[in-house]
Amino acid sequence: MRKSFILAILVLLYLSCITLYNLVDDWGRLEGGWENLTIFVTESMWPPNWSVLEAQSYPVCEKDIEFFCSVGYLGMVETIKIAFVSTILGFIGALCLSSFAARNLMPMYIALPCRLILAATRSLPSLIWAILFVIVIGFGPLAGVLAMTFYTIGYLGKLQYETFEGMPSDALEVSKAMGLSHATTFTSVVIPETGNHLLSQLMFMFEYNVRHGTVIGIVGAGGIGYYINTYMKFLQYDKVLALLIIIFVVVVVIDLMSLMVRSFVTDEGDVRRPTWLKAMIKLYRSRNSSSQ
Amino acid sequence: MEPLRINWGGYMEQDTPLLVLENLSIGYNAVLASGISASIHAGEVIAVLGPSGIGKTTLVRTIAGLVEPIDGRVELLVDKRGGLGYIPQKLGLVRHASVYHNVNLGARASLPVLKGGSDERKKRVNSALSALGIEEKTTEPVRRLSGGQLRRVATARALAQRPSLLLADEFLSELDHNTVDVVIAAVKELLDAGTSIIMVEHHEENVTLLATRVWIIEGEKLYDFSIDEWKSNNSPVQVGLSPGGEEE
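Fair warning: this is a prediction, and the values are worked out from it, not measured in the lab.

Asks: Can you help me understand the layout of surface pockets in this one?
Replies: Leftover empty space is mapped by rolling, across the atoms, a probe with the size of a water molecule. By volume, the largest pocket is sized at about 720 Å³. Lining of the largest pocket is provided by 30 residues; of these, Ser 175, Lys 176, Ala 177 and Gly 179 of chain A together with Ala 64 of chain B occupy positions nearest its centre. The set of elements that each furnish at least two residues to the lining of the largest pocket consists of helix H7 (170-178) and helix H8 (182-218) of chain A together with helix H1 (56-63) and strand S6 (71-76) of chain B. The element that contributes the greatest number of residues to the lining of the largest pocket is H7 of chain A, accounting for 5 residues.

Asks: Explain the sheet that holds S6 of chain B here, please?
Replies: In a beta sheet, neighbouring strands are held together by backbone hydrogen bonds and run either parallel or antiparallel to one another. All names here are of chain B. Pairing within the open sheet is antiparallel, and its 3 strands lie in the order S4-S3-S6. Of all strands in the sheet, those with a lone pairing partner are strand S4 (31-41) and S6, marking the two edges. Averaged over all neighbouring strand pairs, the angle between strand axes comes to 15°, with direction disregarded. As judged from the 5 bridges shared by strand S3 (residues 17-27) and S6, these two strands associate in the antiparallel manner. Within S6, the residue paired with Val 20 across the bridge is Glu 75. Across the sheet, H1 is in contact with S3, S4 and S6; its angle to S3 comes to roughly 125°.

Asks: Explanation requested: the pairing of strand S10 (residues 213-218) of chain B in the structure shown.
Replies: Looking along a regular strand, one sees side chains alternate from face to face of the sheet. All names here are of chain B. Counting buried residues in S10 gives 5 out of 6 residues, a clear majority hidden from the surface. Relative to S10, strand S5 (residues 45-49) runs parallel, the two being bridged by 4 bridges. Within S10, the position partnered with Ile 46 by the bridge is Arg 213. Summarising the sheet, S10 and strand S11 (residues 221-226) pair through 6 bridges and their orientation is antiparallel. What sits directly across from Arg 213, in S11, is Ser 226. The hairpin formed by S10 and S11 contains 2 residues between the paired strands, and Gly 219 there has a positive phi angle of roughly 55°.

Asks: What is the right way to look at H7 of chain A in this model?
Replies: Note on helix geometry: an α-helix contains 3.6 residues per turn, so any two residues three or four positions apart are oriented the same way. Most of H7 of chain A sits inside the fold, with 8 of its 9 residues counted as buried. Among the residues making up H7 of chain A, those that are buried are Asp 170, Ala 171, Leu 172, Glu 173, Val 174, Ser 175, Ala 177 and Met 178 of chain A. Where H7 of chain A is buried, its residues meet H8 of chain A together with H1, strand S7 (84-87), helix H2 (99-110) and helix H4 (147-161) of chain B. Two residues or fewer past H7 of chain A, Gly 179 of chain A is found with a positive phi of approximately 85°.

So, how was this worked out
Residues numbered from 1 in each chain as written. Chains lettered and ligands numbered in written order. Predicted model: local features only at pLDDT ≥ 70, side-chain atom pairs only at ≥ 80, totals over all residues. Heavy atoms only, no water. 1 Å grid on protein atoms, 1.4 Å probe; cavity = no way out; pocket = protein on both sides within 12 Å on 5 of 7 lines; lining within 4 Å. Points joined across faces, edges and corners; volume = space filled by probe spheres on them. Helix = DSSP H or I, 4+ residues; strand = E, 2+ residues; numbered from the N terminus. Pairing = 2+ DSSP bridges. Axes fitted to C-alpha atoms, helices over the stretch in contact; angles between N-to-C directions. Contact = heavy atoms within 4.5 Å. Buried < 20%, exposed > 50% of the residue type's maximum accessible area, 1.4 Å probe, protein only.

What follows is the structure in structure tokens.
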């Protein structure tokens with residue numbers, strides 16, 4: 001078993017190398033690349049310009065604390081709002097579709113069309129959805145919300161129906177034998193049994209949508225990406241770096257939230273639910289040990 | 001016709017079978033047993049016996065509609081919604097939900113939420129929990145329970161469902177004597193109410209306590225005995241048992 005696994009990994013690695021060799025025709029481009037990157041980072045990006053956390057000159061800040069009028073705060077909050085709404089709407093939409101797309105819950109003639117719808121929704125990246133909705137309803141957060149909602153449905157839907165198909169079959173079989181309706185089986189058996197995975201996927205999708213808020217903002221769909229795009233146009237990469245660091249911090253916080261939320265439905269939660277402080281210390285220690 | 005006994009759902013007549021098996025062949029890729037023809041009436045308790053791997057569980061799963069028969073026909077004449085109860089070997093409980101939630105699923109099978117009856121469901125669930133002695137575990141997640149407690153929950157689910165026919169696959173195995181007594185008392189409550197049971201069982205004393213008929217699967221055939229025939233002809237469940245009754 002172990003030998004065949006190692007062999008499979010080696011074969012895959014070899015195939016990747018061959019494919020990469022065929023894809024790249026000029027390896028000479030690598031020459032000087034590192035130097036270019038160093039110059040770009042040290043001269044243009046570093047140090048990050050934290051003026052993005054100061055109040056904008058216009059509109060005039062009417063709040064007591066300037067930070068709440070800053071580009072970093074306003075952009076990030078808008079991105080989080082877009083990500084939050086689209087994740088929740090997308091999650092609910094995905095649940096509706098995936099409950100009919102799982103082959104252990106529905107016959108193939110119902111599951112297949114649902115899978116096709118999810119595949120079609122997923123095949124357009126969120127950036128393309130954003131461009132489409134900017135064309136349809138114009139610039140702004142609503143285009144971002146709709147774009148991310150559609151992408152979330154496709155993406156989460158696939159993860160969800162694969163999770164449902166992977167759940168132990170005995171509880172489902174009892175439901176089927178007892179004659180429970182599809183709705184009861186789904187809400188009372190499938191969701192409790194897969195709750196941990198669903199929450200994990202939900203938190204991952206929220207984090208994904210926050211990160212992608214930067215991308216769809218670039219095409220005018222609102223959020224922190226709008227500001228990143230503006231700074232990039234004016235070659236203010238130090239401000240771009242500051243905004244990217246803010247996004248990184250938010251992503252780490254969402255990761256910790258995910259740990260907390262999932263502890264309510266995992267077996268680990270029976271033993272000990274970590275406090276925020278413990279979760280952060282654990283994360284800090286694991287990072288330190290991995291860097292050593 | 002004179003009604004025989006009161007069933008949970010109403011009057012059950014003596015001649016009305018709950019289940020008819022016609023020339024049934026069971027198995028997955030290969031045939032495990034074939035030519036099975038039998039019927040079950042209200043109030044009967046069938047113990048299915050035979051060595052491991054002979055097809056007892058497959059027979060139960062085929063009756064439950066979870067495995068397609070290779071040949072022949074299974075005709076279930078019970079209510080499609082809640083008429084059939086099922087306790088599989090692995091019990092089929094929702095691990096991440098509470099005891100109450102699991103037992104309530106049984107009640108919801110025969111009394112769907114959309115049809116109301118919320119008070120009746122609560123009554124059934126509480127009564128089932130008390131009968132199995134797990135009323136103190138109501139809010140406990142099932143995953144925290146011991147093996148014996150899990151079997152009590154699965155039996156309570158069937159009790160709250162009150163099916164016309166219950167399929168129970170080794171539901172008394174791995175239990176201490178006290179728990180077996182509690183579970184059997186609950187099963188007798190179901191029997192008093194007219195439920196029929198098909199149970200896969202390995203212990204002689206449990207068969208003697210509950211069964212009215214015995215099915216033995218051997219050599220790809222099913223042999224049907226009355227409990228008295230089985231008691232007089234055989235010492236209990238043994239591998240390679242000689243058929244003492246008529247082949248069906």
